[in-house]
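So the chains spell out like this:
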Amino acid sequence: MERRRVGILGATGMVGQRFIQLLHNHPWFEITWLAASDRSAGKTYGEACKWKLDTQLPAKIAAMKVQPNVPELCEGELPKIIFAALDADIARELEPKFAAAGCAVISNSSAFRMVADVPLVIPEVNASHLPLIEAQSWRRESGGFIVTNPNCSAIGLVLALKPLEERFGIESLFVSTMQAVSGAGYPGVPSLDILGNVVPFIKNEEEKMQEEVGKLLGHLNGESVTMLDAKVSAHCNRVAVEDGHTECVSVKFRKKATREEILAAWSEFAPLRGEGLPTAPEVPVEFDAAVDRPQPRLDRMRGNGMAATVGRLRECSLLDWKFVVLSHNTIRGAAGAALLNAEVLARMGKLDKLGIPTGAAEGQAVLA
């Protein structure tokens with residue numbers, strides 16, 4: 001099958017680099033356009049980017065010219081599929097311009113996650129929310145749309161919670177995170193602030209987690225999502241770990257659950273199995289029975305960095321049960337999450353008619 005042309009917005013940052021790493025030789029997508037800020041535009045990618053990943057920068061990508069980060073200044077044909085790795089303030093300005101230009105904007109930014117008609121999606125959890133794109137004004141007017149993936153700390157948590165919420169219901173949730181420095185981008189947290197230290201504050205992180213869990217585990221209701229009716233309390237901490245977010249979770253269920261039932265819920269959770277999606281992990285939630293697992297150094301690359309690892313399941317004296325969950329924050333929590341969203345959109349046919357208005361004549365869209 002012919003590979004679809006894609007672009008990366010914010011290509012020189014850490015998440016942009018992960019997009020390049022994961023898209024290199026992807027069977028469905030081919031990078032044909034890279035864009036970044038004014039200080040990088042006009043340079044080759046190799047000149048503009050300080051490559052920080054543990055794989056070689058592909059020579060073809062290194063030789064590509066970095067474009068300005070606005071669609072009207074694109075040299076040549078603008079790809080209709082855009083992976084966006086932008087800070088929220090910049091994304092708020094730029095992502096709508098690409099959607100208005102008829103592009104599918106598959107965003108890692110927080111800028112539009114909580115907007116009513118923008119899907120916030122983890123495919124194993126709530127791919128059913130993707131039809132929300134048909135309610136977006138961009139979709140009606142240009143054929144473009146915006147889809148977002150969640151905060152890096154919410155993704156691993158919600159992967160572990162989804163099979164439990166389906167079987168037992170969730171009444172309340174407490175989570176304390178230990179988040180890797182790569183989540184702060186590059187250069188990230190200064191070494192004298194993080195080495196030998198824990199920083200018990202990450203700007204807006206707790207608020208994002210508490211809001212996004214409700215939307216991710218909520219239910220599609222017409223042209224919006226009804227939030228999960230559960231109390232969520234989060235403490236977020238930055239720790240001296242390179243990659244991998246570790247989270248200690250306590251949960252109160254609406255229905256009694258045994259240890260065996262919880263383990264069965266996790267082991268039987270495979271909603272994308274058989275779909276043939278290249279980035280989807282075979283086992284999205286892996287349980288490790290060792291008393292001291294999961295650990296970032298040992299477990300973050302399970303499922304090629306796309307699986308969440310759970311462990312230390314035990315009864316909680318305050319709520320019902322508690323456990324630890326680990327996920328790779330820049331793969332599953334960022335670029336890999338957006339790439340999997342794109343694969344699901346391709347399977348649904350939502351990447352087939354980009355640039356073609358869907359409902360301008362009628363003045364409204366019908367959810368499909």
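Quick look at the structure, then.

## Here's the deal with helix α12 (residues 331-348)
If you look at α12, its biggest bend is around 45°, right at Ala337. One or two positions beyond α12, positive phi appears at Gly349, with a value near 80°.

## Focus: helix α4 (residues 88-100)
With 13 residues, α4 should cover 18 Å at 1.5 Å per step; its first-to-last C-alpha distance of 18 Å lies within 8% of that length. Taking the largest bend as the criterion, α4 deviates by roughly 30°, centred on Leu94, and proline Pro96 comes between one and four positions later. Looking only at α4, the buried set comprises Ala91, Leu94, Glu95, Pro96, Phe98 and Ala99. For α4, the secondary structure elements touched by its buried residues are β1 (4-9), β2 (29-36), β4 (81-84), β5 (104-107), α6 (137-142) and β6 (145-148). Of the residues trailing α4, Gly102 is marked for its positive phi of about 90°.

## Concerning the pairing of strand β7 (residues 170-179)
Where β7 meets strand β12 (residues 245-253), 8 bridges bridge the pair, whose relative direction is antiparallel. Each bridged residue has a counterpart across the sheet, and for Ile170 the counterpart in β12 is Phe253. Bridge analysis of β7 against strand β11 (residues 231-239) gives 8 bridges, and the strand direction is parallel. Bridge pairing in β11 places Thr177 opposite Cys236.

## As for the nonpolar core
Formed by 47 residues in total, the largest nonpolar core has its most connected members in Tyr45 and Phe83. Of all the elements in the fold, those that place two or more residues in this core are β1, α1 (14-23), β2, α2 (45-48), β4, β5, β6 and α12. When residues of this core are assigned to their parent elements, the largest contribution, 10 residues, is made by α12. If we ignore the near neighbours within four places in the chain, the residues touching Tyr45 are Ala11, Thr12, Gln17, Ile20, Leu34, Trp51, Leu57, Ile61, Ala62, Met64 and Val66. Within the second largest apolar cluster, 38 residues are counted, among which are Leu157, Val251, Phe253 and Ala337.

Rules used in this analysis
Residues numbered from 1 in each chain as written. Predicted model: local features only at pLDDT ≥ 70, side-chain atom pairs only at ≥ 80, totals over all residues. Heavy atoms only, no water. Bend = angle between axes of the 7 residues up to and from the residue. Helix = DSSP H or I, 4+ residues; strand = E, 2+ residues; numbered from the N terminus. Expected span 1.5 Å × (residues − 1). Buried < 20%, exposed > 50% of the residue type's maximum accessible area, 1.4 Å probe, protein only. Contact = heavy atoms within 4.5 Å. Pairing = 2+ DSSP bridges. Core = buried A, V, L, I, M, F, W, Y, C linked by side-chain atoms within 4.5 Å.

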